[in-house]
Amino acid sequence: MDRRALLAILRIGFAGLAVAAIITQLLDLAGRGVLDPVNFFSYFTIQSNLIAVAALLWTVAIPAEQWTRAHDLFRGAATTYITVTFVVFALLLADTDVDTAIPWVDRVLHRVIPIVLMADWLVDPPRVAIGFRASLWWLAYPAAWTAYTLVRGALVGRYPYPFLDPASGGYGTVLIYCVAILIGIVVVIVAVTRIGNGMRALRS
């Protein structure tokens, strides 16, 4: 089996694992009568894992020689978002119920898939160097998600993560967390672009 076939199998397998984890958690919540689909799919964890699945399957769907700049930018964005999930969960949410109570589901969505995307970025770096200015577009989705979360939270009284809930310390505290996470995302973006470009240069 050649390298490309092996990577395709691994990508499909891990994408399937992430989907299985999400479906399992959905069925568990539904079985306990506590499933709210809108709440569940409003978690950054769930959305970033679905984006990761899309990146893995898109990478399998097209031959390597046909990878485009758009594909590389999407993979970079997916790697950034799932890395943010990994870091924020580890630092702020490790002991918090975020609707992934099943242990193996929690490990897959918060640890395994982030590591898989990071490794995938290293194994197959972007075909074209990604500039910092272009990579800053990756901030658009987290910014939109944050705005949606805060507006929806104010309307329905529910926030997916406690650090975004003004009841935990007011909007000033929420703002501090948002600014800190924004800075963290920029750091991750810089790391993802530099590592990707560096690995690309080594393979050239």
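Here, residues in each chain are numbered from 1, in the same order as that chain's written sequence. Given that this is a predicted model, residues contribute local features only at a pLDDT of at least 70 and side-chain atom pairs are listed and counted only at 80 or more, while totals for whole chains, interfaces and linings are drawn from all residues. Heavy atoms throughout the structure, all of them, feed into the side-chain values; hydrogens and water do not.

A. Region of the structure containing the overall build of the chain. Put simply, DSSP marks the helices as runs of H or I at least four residues long and the strands as runs of E at least two long, and each gets a number from the N terminus on. Counting secondary structure elements, the chain contains 8 helices and 0 strands. Each helix and strand of the chain, ordered N terminal to C terminal, gives the series α-α-α-α-α-α-α-α. For this measure, only C-alpha atoms enter the radius of gyration; the expected value for a globule follows 2.2 Å times N^0.38, where N is the number of residues. The globule rule puts the C-alpha radius of gyration for 204 residues at 17 Å, and the 18 Å found for the chain is close to it. Principal-axis analysis of the C-alpha atoms places the extent of the chain at approximately 50 × 40 × 25 Å. The burial tally for the chain puts 42% of its 204 residues in the buried class. Any pair of residues with heavy atoms lying within 4.5 Å of one another is described as a contacting pair. Put simply, 77% of the contacts in the chain that link residues at least 6 apart link residues at least 24 apart. A simple rule labels every residue: compare its accessible area, found with a 1.4 Å probe on the protein chains alone, to the largest value its type can have, and call it buried under 20%, exposed over 50%, or partly exposed in between.

B. Molecular detail of the layout of surface pockets. Computed from the structure, the largest pocket encloses a volume of approximately 330 Å³. Within this scheme a cavity is a closed region of a 1 Å grid, computed over the protein atoms alone, that accommodates a 1.4 Å probe without allowing it to escape, whereas a pocket is open but has protein on both sides within 12 Å along at least five of seven lines; lining residues each have an atom within 4 Å of a point. Forming the boundary of the largest pocket are 20 residues, of which Pro 142, Trp 145, Thr 146, Ile 181 and Ile 185 lie nearest the centre. Only α3 (44-61), α4 (69-93), α7 (140-156) and α8 (170-203) provide two or more residues apiece to the lining of the largest pocket. Classification convention: Asp, Glu, Lys, Arg as charged; Ala, Val, Leu, Ile, Met, Phe, Trp, Tyr, Cys, Pro as nonpolar; all other residues, Gly among them, as polar. Partitioned by chemical class, the residues of the lining of the largest pocket number 17 nonpolar, 3 polar and no charged. In this model, the second largest pocket occupies a volume close to 180 Å³. Around the second largest pocket sit Val 84, Val 87, Val 88, Leu 91, Leu 92, Tyr 177, Ala 180, Ile 181, Gly 184, Ile 185 and Val 188, which together line it. Listing elements by their share of the lining of the second largest pocket, those giving two or more residues are α4 and α8. Taken together, the residues of the lining of the second largest pocket break down into 10 nonpolar, 1 polar and no charged. Grid points are joined across faces, edges and corners, and a volume is the space filled by probe spheres set on the points.

C. Representation of the pattern of salt bridges within the structure. Salt bridges are counted wherever a side-chain nitrogen of Lys or Arg sits within 4 Å of a carboxyl oxygen of Asp or Glu. With the rule as written, the count across this model stands at 7 salt bridges. Its salt-bridge partner being Asp 124, residue Arg 3 comes within 3.4 Å of it at the nearest N-O pair. In this pair, Arg 3 sits in helix α1 (residues 3-31) while Asp 124 sits in the loop between α5 (103-123) and α6 (132-135), placing the two residues 121 residues apart along the sequence. By relative accessible area, Asp 124 is classed as buried at 0%.

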